Amino acid sequence: MNVGLAWRLLKGGGRRGMLGTWLTLGAVAVSTALLLFAVAVDFAFAARADRGAWRNPVPAGGRTAVAVEASRYDYVRGKEITVVDLAALPGKSPEPPPGLSRFPAPGEVWLSPALAELADRLPAAELAARYPERTGVLGDEALVHPDELVAVAGRAPDAPELTAARDSDWIVGSPPVKVASLAGEPTEDAEGYQVLALIASVLMVVPLLVFGGAAARLTVARRDQRLAALRLVGATPGQVVGMTVAEAVIVAFAGALTGAAAYALAVPLLSRVEIDGGPWFAADLWPHPLVMAGAVVAVPLLTGLSAVAGLRRVVVSPLGVAKRETPPGMRFVRVLVLFAALAAVPMMSSDTSATVIAVVIGLAFLSLNLVGPWVVGLIGRITAASARRPARLLAGRRLVDDPRAAWRTVSGVALTGFVAGFLGLLSPGSLVGTQDTGHLRVSAPAGQAAAVAERTRDRLKEAGVAAAVTTRKDVVVIALKEATRITGQDARRKELDEPLTQADPAALDRARTALAGLVPGRTPTTEADDEYFGAQILGDIAVGTVVVLSVSFLVAIASAGITAASSVLDRRQTYALLRLAGTPLEVLDRARRAETLIPLAVMGGGAILVGAFCGIPFMMTDPNLSGLVTLLVCVGVGFTGVVGAGALSRPLLRSVTADPAPRPD
Amino acid sequence: MNDVLAGRGLTKRFGQTVALAGVDMTVRPGEAVAIMGPSGSGKSTLLHCLAGIMKPDSGEVRLEGTRIDDMGERRRSALRRTRFGFVFQFGQLLPELPADENVALPLMLGGVARAEAVRRGRKWFAPLGLGGMEARRPGELSGGQAQRVAIARALVTRPAVVFADEPTGALDQTTGHDTMRLLVEATKHNGASLIVVTHDPGVAGWCDRTVEVRDGVLLAAGARA
């Protein structure tokens, strides 16, 4: 009975009722799509970590070893190549690693599709000659991302690549390890990315929760009077709740399906976002079907629950909606909670345990949400007391009347301001690196530097690469001659005691190719190569910051728009009667704008400052220009977005006030 | 005596429904007129046309000799703000504003400084039996008190005509009659005319005369005995 009646009420809601329904549907769709994204991000990084695990060997330990595995990094055109050396132990037939049809025999080389394509495109002397016996192409199961450059080389177990001493620094690869299988385990940096993804998900979910509240408020705005009327004619609280749940769930289910479809359409676009060196397999960004189904079921149910919570006044008393009294003041203790959290911030440093940092920052973030309505109420009192014109008076009184509702409108942007303030200070700019590509260095086995230098000269001469080869202890240094000087890094140059240079990429790759296998298991690298990982992770943090802030702002702006629309629908009768009595539409609109902009300016600015304050103990470098620019852009986009979203409900205001007497009575 | 408000040959249709079919109606200065009729008869439509809220399909409305039905929305809106006052059944007070600011709002909209507007608005409280309730919000007032605040707000700009649409519809009989008495007395005391739409003959009894609308036509006009 409830579902049938709810469906009839939904269909018979009229033009304005349908407008509210469409807005709710849109809000739920955006929530679902972003929720799927926030969840998919974690699954995507987990999938990458799993696929890359086979290259991170786990020592056989007590189990029977079947193969030897080692990996190292090589470079071409400034991109990283992961080179994996594999050898089956005598008498063993290990399972092939993922993406290979069989275990590579000594001398065979499998390349990833992107590396194979690059090897075909560049002159052989710059890349292809490093892999003289190309046997096949790696399948996607072997790759972290589709553009990844990977080479798998089969070796004999006693080959120099798997027996010679190697540098154990993880940044240049992993030394040979006897393994019981090629399952491996996720690398530390893959796990680090998973932690960052989890933090990003949490940062995106907080504004989503605020948004969910706004959507639920919209559903209540349309229903309260109608359901109060149903209570007046004798509907039981159970029936009212039933109808509320049924109607909210019908709309939200349609919204959730729309959101899932929108997410599906966005996957090709999202898969192009480059993190950790490359874009994504579309399949990685698809959450597990059960998660997808869970979201499509859970979001409507949560919306239904929110609607019930919003309607509890109607359920408690049929007159609950109509009676408006002076709201009790909020307690100052809210502010003390924020001060207490902020007082703990200066005591932290990069050495403080991650749990303590998370708790303090989390408390500051949450207490900001707690303090928000109190500050909005205070702003309202100041605005009302100082108002000279009707619009400001109305705005101020509205803020005092329901500071929580006003906070809901701006909280999304304010909380995003906190994130922006925090990240704006925290994000280091570019790595203070040398960017030197004019010098290749390779470690020679102890006492063999001179011999290796001699072989180096021969190979480079044969390849037609002009270079000066010297030795420094056990390191052979190759200074490419066609390189240009880098200026402006005097301190670093003095430290290295040689000029920093940048080589022509083609000449550099010819030199790398000529020197491939010069010292078994070791790759000649430049300073820029050694800085590759650091530069990449900083770039990824920057991309991640932009993604998180974009999602947060999208949610915040949509939330502001939905709240503004629900506010107009809430007050449609008062607006219509004021308009009928001659109140200019501009005054009503100006009051609405002031009601949003005044708390937005104060709370948005305040939240940025609090976020920046929380970020100070963790600053690695001086605040960098790009971080400050990100912050300013965020403030600008946030303000413009909220103002724009509010302006979008102006036609709705016009609509509810345009025809104050439509009845032919 | 010249009419303060005059509607001539007013017609209005909503789709196939004829709400007004050539209605003529005049109101003299200081006169209180009740418009009665069953639901759907067209009485609210007549009030809305006379008040410049709605444009008639044909016919004309004149306020103190000046035609108002052909004015643009902005001018009609300004006219409603300055020359007309309105009292509705409920819902016209802003729930966030205290009573005195609700009354002062039309003055502020007209450009009067806030302090002066509130001072002038408060003068209406004692005569309407609202002394001491200036700082209360609408939710803290009874139905009758809220209607008296609405009356003060309708009169604070010293309008030429006050329009009331079922002003006692949400009140009990005793409170309704008290409210009606105050509305008529205060309106006349200020030299304004009053047009009341009502179902209630008791309410109509407070007015100088009653007109009845049925199927969009003005049937009869009777002066109060």
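The shown structure was predicted, so the numbers you read here are calculated from the model rather than taken from an experiment. (Residues numbered from 1 in each chain as written. Chains lettered and ligands numbered in written order. Predicted model: local features only at pLDDT ≥ 70, side-chain atom pairs only at ≥ 80, totals over all residues.)

1. Comments concerning the overall build of chain B
Within chain B, the regular secondary structure consists of seven helices and ten strands. In chain B, which comprises 225 residues, the share counted as buried stands at 50%. Taking the contacts inside chain B whose residues are at least 6 apart along the sequence as the reference set, 68% of them involve residues at least 24 apart. (Helix = DSSP H or I, 4+ residues; strand = E, 2+ residues; numbered from the N terminus. Buried ≥ 20, exposed ≤ 12 C-beta atoms within 10 Å, placed from the backbone. Contact = placed C-beta atoms within 7 Å.)

2. Digging into the interface of chain B and chain A
Counting from both sides, the interface comprises 32 residues of chain B and, opposite them, 25 residues of chain A. Secondary-structure elements contributing two or more residues to the side of chain B that touches chain A are strand S2 (17-27), helix H1 (43-50), helix H2 (73-82) and helix H3 (99-109) of chain B. Residue classes in the side of chain B that touches chain A are distributed as 15 nonpolar, ten polar and seven charged. (Nonpolar A, V, L, I, M, F, W, Y, C, P; charged D, E, K, R; others polar.)

3. Examining the confidence of the model for chain B
Per-residue pLDDT for chain B averages 88, and the proportion of residues at 70 or more is 96%. Reported for the predicted complex are a pTM of 0.70 and an ipTM of 0.82. (pLDDT = per-residue confidence, 0-100.)

4. Looking at the packing of helix H13 (residues 449-463) of chain A against helix H15 (residues 505-514) of chain A
To describe two helices that pack against each other, one gives the angle between their axes and the distance between the axes. All names here are of chain A. Contact pair H13 / H15: the axes reach a minimum separation of 9 Å and the direction vectors enclose 130°. In terms of axis orientation, H13 runs oblique to H15. In terms of crossing hand, the pair formed by H13 and H15 is right-handed. Between H13 and H15, the contacting residues are Arg459, Leu460 and Ala463 on the first element and Arg510, Ala511 and Ala514 on the second. Tallied by class, residues from the contact of H13 with H15 come to four nonpolar, no polar and two charged. (Axes fitted to C-alpha atoms, helices over the stretch in contact; angles between N-to-C directions. Parallel < 35°, antiparallel > 145°, perpendicular 65-115°, else oblique. Left-handed = near helix turned anticlockwise from the far one by under 90°.)

5. Quick notes on the packing of helix H18 (residues 572-580) of chain A against helix H21 (residues 650-658) of chain A
Residue and element names in this part refer to chain A. Running from amino to carboxyl end, H18 crosses H21 at an angle of 65°, the nearest separation of the two axes being 8 Å. Between H18 and H21, the interaxial angle falls into the category roughly perpendicular. The handedness of the crossing between H18 and H21 is right-handed. In this structure, H18 uses Arg572, Tyr575, Ala576 and Arg579 to contact H21, whose residues at the interface are Leu653, Val656 and Thr657.

6. Observations regarding the sheet that holds strand S8 (residues 467-472) of chain A
All names here are of chain A. Spatially, three strands are ordered S7-S9-S8 in an open sheet, and the strand pairing comes out antiparallel. The two strands at the open ends of the sheet, each matched to only one other strand, are strand S7 (439-443) and S8. Mean inter-strand twist for the sheet, computed between neighbouring axes without regard to direction, equals 20°. Across five bridges, S7 lies against strand S9 (residues 475-480) in antiparallel orientation. (Pairing = 2+ DSSP bridges.)

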